[in-house]
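Coordinate analysis (summary)
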Amino acid sequence: MNPDDPLLKILACPLDKGPLHLLGKETGSTRGPESTEGTESTEAALYNPRLRRRYPIVDGIPQLLPSSGEQVTDDEHEDLLLRITGGDDLDGSRGDLSSSSGDLSGSRGGPRKPGSMTP
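Residues numbered from 1 in each chain as written. Predicted model: local features only at pLDDT ≥ 70, side-chain atom pairs only at ≥ 80, totals over all residues. Heavy atoms only, no water.

This paragraph deals with the overall build of the protein chain. Of regular secondary structure, the protein chain possesses 2 helices and 5 strands. Sorting the 119 residues of the protein chain into buried and exposed places 29% on the buried side. Roughly 7,600 Å² of accessible area belongs to the protein chain as shown, and the carbon and sulfur atoms make up 52% of that amount. (Helix = DSSP H or I, 4+ residues; strand = E, 2+ residues; numbered from the N terminus. Buried < 20%, exposed > 50% of the residue type's maximum accessible area, 1.4 Å probe, protein only. Areas by Shrake-Rupley, 256 points an atom, 1.4 Å probe, with all protein chains shown as cover.)

Phi is positive for R52, close to 55°, though the residue is something other than glycine. A positive phi angle, close to 55°, is found at D59, a residue other than glycine. Counting through the fold element by element, D59 comes out in the loop between β3 (53-58) and β4 (61-62).

The residue N48 is located in strand β2 (residues 45-48) in this model. Judged by relative accessible area, which is 0%, N48 ranks as buried. A polar side-chain atom of N48 sits 3.2 Å from the main-chain amide nitrogen of L51. Sequence-distant contacts of N48, defined by excluding residues within four places in its chain, comprise C13, D16, L20 and R53. (Polar contact = N/O pair within 3.5 Å; in protein donor to acceptor, adjacent residues only side chain to side chain. Contact = heavy atoms within 4.5 Å.)

What follows covers the pairing of β3. For β2 and β3, the ladder comprises 4 bridges, and the chain directions are antiparallel. Residue pairing in the sheet places N48 in a bridge with R53 of β3. Between β2 and β3, which follow one another and run antiparallel, lie 4 residues, and R52 among them has a positive phi close to 55°. The sheet contact formed by β3 and β4 spans 2 bridges and is antiparallel. From the neighbouring strand, I57 faces β4, where its bridge partner is P62. The hairpin formed by β3 and β4 contains 2 residues between the paired strands, and D59 there has a positive phi angle of roughly 55°. (Pairing = 2+ DSSP bridges.)

Another point: the confidence of the model for the protein chain. If pLDDT is low for a region, its predicted coordinates should not be looked at in detail. Confidence along the protein chain averages 73 in pLDDT terms, with 59% of residues attaining 70 or more. In the model, residues 27-41 has pLDDT below 50 throughout and makes 18 contacts with residues more than four positions away in sequence or in other chains. Contacts for the low-pLDDT stretch residues 91-108, under 50 throughout, to residues beyond four places or in other chains number 37 contacts. (pLDDT = per-residue confidence, 0-100.)

Here's what the structure looks like:
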């Protein structure tokens with residue numbers, strides 16, 4: 001799967017129905033290329049920053065069952081946010097998506113609470 005794949009525009013998180021972000025194959029350990037610690041996610045994946053869940057892409061097929069997603073650690077979440085936003089830390093609040101690029105916290109028309117409005 002590549003970043004301009006039209007499928008990415010319609011894929012949604014199975015839990016909150018919000019958008020997912022493509023993570024390339026380098027989503028692994030930041031501890032160095034020789035280390036095998038924390039490298040279970042070296043394959044491509046789709047990431048939901050709102051729920052901090054990563055869904056693997058196996059042989060080009062996104063695994064979007066709720067049970068196939070894995071929770072990421074706080075440190076890994078911070079690293080993934082930097083990758084998604086291109087390293088821009090607009091207001092110094094690493095990890096708060098609501099204050100950075102609007103695309104990251106949006107929903108794709110999933111279930112909403114009565115009376116809630118989105119811009």
